[in-house]
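Take a look at the letters that make up each chain.
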Amino acid sequence: MVDRLTRRSQQIAEFPFSGRRVPEYDVDQIREVIEGSFRIIYHIKADQIDVLAVIHGAMDVLGRPEQDDE
């Protein structure tokens, strides 16, 4: 899995806008690519790309507490 995530990071470096906009943020420069069950979320800047998080797809990226269905 580490190798797959590394290959995806190389894709991001070459084609930063190839990822989709992160729906939770809806900012053009914050994007993500999916690899298996993981989301690689990154921020495109003028001179670099910062990986913000690598999280399991089931996690809430905003860190909101889970709410029980009642």
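It should be noted that the structure appears before, not after, this text.
The following paragraphs examine the structure supplied in this document. The structure presented is a predicted model; accordingly, all values stated were derived computationally and were not measured.

What follows is about the sheet that holds strand E4 (residues 49-56). Strand order in the open sheet made by the four strands is E1-E2-E3-E4, with antiparallel pairing throughout. If you trace the sheet from one side to the other, it starts and ends with strand E1 (20-21) and E4, each paired once. Here strand E3 (residues 38-44) pairs with E4 via seven bridges, running antiparallel. Looking at the pairing, histidine 43 lines up with aspartate 50 of E4. Strands in contact with helix H1 (residues 2-14) are strand E2 (30-35), E3 and E4; relative to E2, the strand with the most contacts, it is inclined by about 145°.

Our next topic: the pattern of salt bridges. Under the criterion given, the structure shown has nine salt bridges. The residue arginine 39 makes a salt bridge to glutamate 32 at a minimum N-O spacing of 2.5 Å. Residue arginine 39 shares its accessibility class with glutamate 32, and that shared class is buried. The residue aspartate 50 makes a salt bridge to lysine 45 at a minimum N-O spacing of 2.7 Å. Through salt bridges with shared partners, a single ionic network connects Arg20, Glu24, Glu32 and Arg39.

Counting residues in hydrophobic clusters, the biggest one holds six residues: Leu5, Ile12, Val33, Ile40, Tyr42 and Ile44. In terms of residue count, E3 provides more of this core than any other element does, three residues in total. With sequence-adjacent residues up to four places away left out, leucine 5 is seen in contact with Glu35, Phe38, Ile40 and Val54.

What counts, and where the lines are drawn
Residues numbered from 1 in each chain as written. Predicted model: local features only at pLDDT ≥ 70, side-chain atom pairs only at ≥ 80, totals over all residues. Heavy atoms only, no water. Pairing = 2+ DSSP bridges. Helix = DSSP H or I, 4+ residues; strand = E, 2+ residues; numbered from the N terminus. Contact = heavy atoms within 4.5 Å. Axes fitted to C-alpha atoms, helices over the stretch in contact; angles between N-to-C directions. Salt bridge = Lys/Arg side-chain N within 4 Å of Asp/Glu carboxyl O. Buried < 20%, exposed > 50% of the residue type's maximum accessible area, 1.4 Å probe, protein only. Core = buried A, V, L, I, M, F, W, Y, C linked by side-chain atoms within 4.5 Å.

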